[in-house]
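Commentary on secondary and tertiary structure
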Amino acid sequence: MNLRESLRISWRSIRSHKLRSTLTTIGVIIGIAAVITFMVLGGGFSESVVGDIEAEQEPVMTVQTQTEPEAGVGIMLVDTPIYTERDVEALEALDDVEFVAPDGSLELAQTDTGDEQVTGVIDAQATTADRFDHSTFVEGEPFEGEGEAVINEQTSQLFDENVSAGDELSLTFEDGETADVTVTGVVEAEMGAQTPPQLFVSVDPYYTTTVETPRGEETRAYPSLVVGTERIDDVDPAQEAVTEYLEDDSDAAELKQDDHEMQVQTVEDTIEQFTDIVDQLTVFIGAVAAIALVVGSIGIANIMIVSVTERTRQIGIMKAVGATKRDIMQLFLVESVILGVIGSIVGVAAGLGAGYLGVWLLEWPMAYPLDWVVIAIVVGIGVGVVSGLYPAWRGARVDPIEALRHE
């Protein structure tokens, strides 16, 4: 029996049991649709964030401390003040470095405009005006010192009446200290819509965290730094120089924990790290969704075993007129593969449709996971083959004499 004849007979059998065939493929459809949907959403989220970062690419890099989480997936930032004032001054003296802006977290409990209060939510940071050398201001300008602040667009939009340059804010910190500041400028969000609400004030006098240096001196220290260059072309050589200093001569190298690692990240490094994490999470979630494929393969195997039982007499007749065991196995394998392929094609279409709806509602760009579409088709064929092997082998072993007696 040639393959074309097997396809004809198998397709006729599938069409004669339309409802049963549809229910059989649902498991495969759901599994593949779920995987494709998550891949589309993951790709759309990644492209949305990466697009925002690339659109605002600046000649800056971030110095921060990282460690591996206990789960061993991705990275975890360490908010430990190890970069001292001596480190800041030494980095500023390096070739190609235009400025070094310290970045210290402040525990801001509440923000008050006079008419409205916001509790928590806003990420307050102490830094210097240099940080904004390459930033784009929606309005206003950087702060000059005490009593002034810069906010980003997300913070401005937190309040019913958007906060703008010239407005007054009352800040209450978690230690009970309060401060009144004037907003001097509203800066564009660094990562688009994904950037949290932020407020920036000067290091002096708001940031007071100090550490004891390896030389026994008490000095102000920061958990991260922002290093800027004059041009994009200067970023790579500056990154090498900053990394070399931190590893060989810095106070931070002696203050950090053994399992912590200092990282000097450019925009490209950040993008690569971010996409790696998103890809890992997407694959993990997709793998969980793919459990439905196991259910689908069991469904196909089950229905094919039923099909062998129903067609016992037909198998006997085919063997009586010369069909070999190979022909019988081919017949049932082709039928199960057809069910798998149908399930994968419909699943891909459903997944792309659900994914498109999701990214449209979330206003993310559409990402077509072509590699996963190919994988889904291959998996569909694989599910059909694996699910049909035992039923096909069972059908091929049917005794033709007994089969002809079967009613």
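In this text, all values refer to a predicted model and were calculated from it rather than measured experimentally.

Description of the UniProt feature "transmembrane region" (unreviewed entry) in the protein chain
Residues annotated by UniProt as "transmembrane region" (unreviewed entry) correspond here to residues 21-45, 283-308, 328-352 and 372-393. Between the C-alpha atoms that bound residues 21-45 the distance is 36 Å, and the span itself is 100% helix and 0% strand.

Notes on the pairing of strand β14 (residues 218-222)
In terms of strand pairing, strand β3 (residues 83-84) meets β14 through two bridges, oriented antiparallel. By the bridge assignment, Tyr-83 is partnered in β14 with Tyr-222. Sheet topology places strand β13 (residues 210-212) next to β14; three bridges connect them, and they run antiparallel. Within β14, the residue paired with Val-211 across the bridge is Thr-219.

Overview of the packing of aromatic side chains
Within the structure shown, the criterion is met by five aromatic pairs. Aromatic side chains Phe-45 and Trp-364 sit 5.3 Å apart centroid to centroid with 55 degrees between the ring planes, which places their arrangement in the tilted category. One end of the pair, Phe-45, is in helix α2 (residues 18-55); the other, Trp-364, is in the loop between α11 (325-362) and α12 (370-396), with 319 residues separating them in the sequence. With a relative accessible area of 27%, Phe-45 lands in the partly exposed category. Taken together, a centroid distance of 5.8 Å and an interplanar angle of 85 degrees make the contact between Phe-132 and Phe-143 edge-to-face. Here the residue Phe-132 occupies a position in the loop between β7 (123-127) and β8 (137-140), and Phe-143 occupies one in the loop between β8 and β9 (148-152), the gap between them amounting to eleven residues. Pair check on accessibility: Phe-132 and Phe-143 agree, each one buried. An aromatic cluster is defined as three or more aromatic residues linked by ring pairs; in this entry it consists of Phe-132, Phe-137, Phe-143 and Phe-200.

Rules and cut-offs
- Residues numbered from 1 in each chain as written.
- Predicted model: local features only at pLDDT ≥ 70, side-chain atom pairs only at ≥ 80, totals over all residues.
- Heavy atoms only, no water.
- UniProt positions renumbered as here; feature names shortened; annotations may be inferred.
- Helix = DSSP H or I, 4+ residues; strand = E, 2+ residues; numbered from the N terminus.
- Pairing = 2+ DSSP bridges.
- Phe/Tyr/Trp six-rings, centres within 6.5 Å; stacked < 30°, edge-to-face > 60°.
- Buried < 20%, exposed > 50% of the residue type's maximum accessible area, 1.4 Å probe, protein only.

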